Amino acid sequence: MSDDSKVLGHSLWGGRFSAKPGAIMEAINASISFDKRLAAQDIAGSRAHAAMLGATEIITGADERAIQAGLTTIEAEMSGGTFPFRVELEDIHMNIEARLIELIGPAAGRLHTARSRNDQVALDLRLWVREACDHTVGQIEILQRALVSKALAHADDLMPGLTHLQSAQPVTFGHHLMAYVEMLERDAGRFKDARVRMNECPLGAAALAGTSFPIDRAMTAKALGFDRPTANSLDSVSARDFALEALSAASICATHLSRLAEEIVLWVTPQFGFVTLSDAFTTGSSIMPQKRNPDAAELVRAKVGAILGALVSVTVVMKGLPLAYGKDMQDDKVPVFAAFDALELALAAMAGMIGDMAPRHAAMEAAAGIGYSTATDLADWLVRRLGLPFREAHHITGAAVKQAEGLGVDLASLPLDALQALNSGITADIYDVLSPRASVASRRSYGGTSPDQVRAQSAQWKNRLK
């Protein structure tokens, strides 16, 4: 170890302190156990910063080349799992800088010219969240493709459409699945929108006030794939709203996944019996041998708690902080990492379950006609064929349902004379609209549940998601 690295091992803060941190201070202050996940982003930022320092002649070409070579070695050590992480160096930034000094000597100390750990960590986290948003959009598209494929294959399959978890109107299974494709597209849009707003580079803001060195912030921003540098140095190091926005998008996405998971939990019960899942996504019971539990769906359903909790956690960290940087911000990373880890797993599990899920057509179709689900079709027929006001048609239909309940039959089995007693204009043609399949086929309005609409929408989405 060089003399410089011995000094750095004692304290990278410089000469202000004469004693090592106490054990408790070291324990609460160190973040390397979790911010080592920012290693790739920290190296990328250091490469861009070094290249800019060389181009602006703030450091010599020889020093820049040495720094870049040292960073390449560190990158290889990280990839190979041989990098010597040290808790006493606190964080990923100091660990990399100390190792760089061990590798190339005094030239490494010039890398930190015109920057601070404050703009370093702001940059690293922004890069990480940006990549997480991109990765999540890709995962959402995988799930959408699984849903579209299943919807296209089951565009004709009937199932009950529910409101208040009560029979409402018949729909198709494909139509039901396509609803989640639309939800997920909005989720993807939120991540894309968040990415646009976060795509400004804080590097060069230094500690909080900028720097007196003639740096080229546009150069580093371009090298790192940002649209532009951030415009205010105070805001650059203290902003974490990009993480909050990404966590908000993650929370909404997780909520949608939880709703679909809850439906799967219901659908696989013997009481519903709408779908089955294979052994790949279910588990058994330690005491009840007949059980097949939808544990994967249940665990996806639970993930929203951790992800929403991360949003709340980071919001509380940030809510009372004056400008610019406070060490409180060290605690923003664990919730962000945990939230995106949970969302990644939930999206992968859901895509797997959708592909694995096998609909039970007969059970769904039988349930589609339960609960007088074609009552609205009767009311619509009265409006369309007899010209009745809808409210009057609604009243007649309600009376017809009451009669059917009294006779213990469905609407399609109600005698014609019973219907004509409610309105003499009713003819036998009424029976053409009272079956669940006829009801579904009639819903041809844009975005409706008719098989033709479902096939058209699914085909459009299949092309979009190629």
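To start, this report covers the structure provided alongside it. Keep in mind it's a predicted model, so treat the numbers as computed, not measured.

1. Here we look at the overall build of the protein
- Within the protein, the secondary structure is distributed over 19 helices and six strands.
- In terms of C-alpha radius of gyration, the protein reaches 31 Å, well past the compact-globule figure of 23 Å for 466 residues.
- Overall, the C-alpha framework of the protein stretches about 100 × 55 × 40 Å when taken along its three principal axes.
- Taken over 466 residues, the protein has a buried fraction of 48%.
- Sequence-distant contacts in the protein: of pairs separated by 6 or more residues, those separated by 24 or more amount to 74%.
- Entry remark: accessible area of the protein is about 21500 Å², with carbon and sulfur atoms responsible for 56%.

2. With respect to the pattern of salt bridges
- In total, this model carries 24 salt bridges according to the counting rule given.
- With a closest N to O distance of 2.5 Å, Arg99 and Glu77 form a salt bridge. Taken as a pair, Arg99 in helix H6 (residues 92-104) and Glu77 in helix H5 (residues 61-80) lie far apart in primary sequence, 22 residues in all.
- A salt bridge links Asp91 to Arg117; the shortest N-O distance between them is 2.7 Å. Placement of the pair is Asp91 in the loop between H5 and H6 and Arg117 in helix H7 (residues 117-153), with a sequence separation of 26 residues.

3. Description of the environment of Gln453
- Assignment of secondary structure puts Gln453 in helix H19 (residues 451-464).
- As for Gln453 and Ser33, which are separated by 420 residues in sequence, their C-alpha atoms are 52 Å apart.
- If we ignore the near neighbours within four places in the chain, the residues touching Gln453 are Arg443, Arg444, Ser445, Tyr446, Gly447 and Gly448.

4. Details of the layout of surface pockets
- Put simply, the largest pocket is a space of about 520 Å³.
- Gly161, Leu162, Thr163, His176 and Glu263 are the residues nearest the centre of the largest pocket, which is lined by 27 residues in total.
- Breaking the lining of the largest pocket down by element, the ones donating at least two residues are strand S1 (158-163), strand S2 (166-172), helix H8 (173-198) and helix H11 (241-267).
- For the lining of the largest pocket, the element with the highest residue contribution is H11, accounting for six residues.
- Roughly 290 Å³ of internal volume is contained in the second largest pocket.
- What lines the second largest pocket is a set of 16 residues, and nearest its centre among them are Val268, Thr269, Pro270, Arg292 and Asn293.

5. Some thoughts on the packing of aromatic side chains
- According to the stated counting rule, one finds six aromatic pairs in the structure shown.
- A network of ring pairs unites the aromatic residues Trp128, Phe191, Phe337 and Phe340 as a single cluster.
- Just above the ring of Phe337 sits the side chain of Arg37; from NZ or CZ to the centre is 4.8 Å.
- One residue, Arg130, lies across the ring of Phe226, its end atom 4.6 Å from the ring centre.

6. Quick word on a nonpolar patch on the surface
- A grouping of Leu208, Leu234 and Leu323 is seen on the molecular surface, where their side chains present a nonpolar patch of about 270 Å² in accessible area.
- Note on Leu323: relative accessible area 62%, which makes it exposed.

7. Considering the pairing of S2
- Here six bridges tie S1 to S2, and the two strands are oriented antiparallel to one another. Bridge assignment links Gly161 to a residue of S2, and that residue is Gln169.
- Turn length for the S1-S2 hairpin, with the two strands adjacent in sequence and antiparallel, is two residues, and the turn residue His164 shows positive phi of about 55°.

8. Re unusual backbone geometry
- For the bond running from Leu323 to Ala324, omega is 15°, close enough to zero to count as cis.
- Despite not being glycine, Glu57 has its phi angle at roughly 60°, a positive value.
- Residue classification places Glu57 among the exposed residues on the basis of a relative accessible area of 70%.
- Notably, Glu90 is not glycine yet its phi reads approximately 75°, a positive angle.
- Locating Glu90 in the fold gives a position in the loop between H5 and H6.
- Its relative accessible area of 6% is what places Glu90 among the buried residues.

What counts, and at which threshold
Residues numbered from 1 in each chain as written. Predicted model: local features only at pLDDT ≥ 70, side-chain atom pairs only at ≥ 80, totals over all residues. Heavy atoms only, no water. Helix = DSSP H or I, 4+ residues; strand = E, 2+ residues; numbered from the N terminus. Rg over C-alpha atoms; globule rule 2.2 N^0.38 Å. Buried < 20%, exposed > 50% of the residue type's maximum accessible area, 1.4 Å probe, protein only. Contact = heavy atoms within 4.5 Å. Areas by Shrake-Rupley, 256 points an atom, 1.4 Å probe, with all protein chains shown as cover. Salt bridge = Lys/Arg side-chain N within 4 Å of Asp/Glu carboxyl O. 1 Å grid on protein atoms, 1.4 Å probe; cavity = no way out; pocket = protein on both sides within 12 Å on 5 of 7 lines; lining within 4 Å. Points joined across faces, edges and corners; volume = space filled by probe spheres on them. Phe/Tyr/Trp six-rings, centres within 6.5 Å; stacked < 30°, edge-to-face > 60°. Lys NZ or Arg CZ within 6 Å of the ring centre and 35° of its normal. Patch = residues over 30% accessible without salt bridge, like charges linked within 9 Å, V, L, I, M, F, W, Y side chains within 5 Å. Pairing = 2+ DSSP bridges.

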